Amino acid sequence: ARVTIVDWSGSIVMDANVRVDQPVTDYRTYVSGITSQNLLPSNGAITFDECRSKVASILHGKILVGHALKNDLAILRIHHPWQDIRDTAKYEPFMKTRF
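Rules used throughout
- Residues numbered from 1 in each chain as written.
- Predicted model: local features only at pLDDT ≥ 70, side-chain atom pairs only at ≥ 80, totals over all residues.
- Heavy atoms only, no water.
- Helix = DSSP H or I, 4+ residues; strand = E, 2+ residues; numbered from the N terminus.
- Buried < 20%, exposed > 50% of the residue type's maximum accessible area, 1.4 Å probe, protein only.
- Contact = heavy atoms within 4.5 Å.
- Patch = residues over 30% accessible without salt bridge, like charges linked within 9 Å, V, L, I, M, F, W, Y side chains within 5 Å.
- Areas by Shrake-Rupley, 256 points an atom, 1.4 Å probe, with all protein chains shown as cover.
- Salt bridge = Lys/Arg side-chain N within 4 Å of Asp/Glu carboxyl O.
- Expected span 1.5 Å × (residues − 1).
- Arc of directions from axis to C-beta.

Peer 1: Kindly report on the side chain of N17, identifying the contributing residues and their values.
Peer 2: Its location among the elements puts N17 in strand 2 (residues 12–17). A residue is classified by how much of its surface remains accessible, and N17, at 16% relative accessible area, is buried. Once residues within four sequence positions are removed from consideration, N17 is found in contact with A1, R2, I34, N38, L39, G44, A45 and I46.

Written out as structure tokens, the structure is:
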């Protein structure tokens, strides 16, 4: 897995490959760009717990903007106050067309 967080201006705040506990059956490299080599500790991949801790620390007290954030937060088991989330899938000011 990979986690990338950028700030309002698009500067990278965090970009990390995350080791997973389950065997990977398909890296979908053609889409993700990730290979088995990317998830080796010797190549800088971090554990899930390290990732979760870093992400929670970065997001604390921040407005979170992104697409379908409910899924990402659920996987990371991170709670973020609903009033500090701007999900582009649901937040009307960020939606181009409303059907």
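Moving on from the coordinates now.
Peer 1: Talk me through a nonpolar patch on the surface; I want residue IDs and the actual numbers.
Peer 2: A cluster of nonpolar side chains, W8, I63 and V65, forms an exposed patch at the surface whose accessible area comes to about 380 Å². Position of V65 relative to the elements: it lies in strand 3 (residues 64–66). Given a relative accessible area of 38%, V65 falls into the partly exposed group.

Peer 1: Can you break down helix 2 (residues 48–59) residue by residue, with the values?
Peer 2: Helix length check: helix 2 (12 residues) gives 16 Å between terminal C-alpha atoms against 16 Å at 1.5 Å per residue, within 8%. Taken as a whole, helix 2 has its buried residues at C51, V55 and L59. Looking straight down helix 2, one finds that the buried residues subtend no more than 50° of arc, so they occupy a single side. Of the exposed residues in helix 2, the ones pointing more than 90 degrees away from its buried face are D49 and S57. Buried-residue contacts for helix 2 involve strand 1 (2–6), strand 2, strand 3 and helix 3 (69–76). Looking one or two residues beyond helix 2, the residue adopting positive phi is G61, at roughly 75°.

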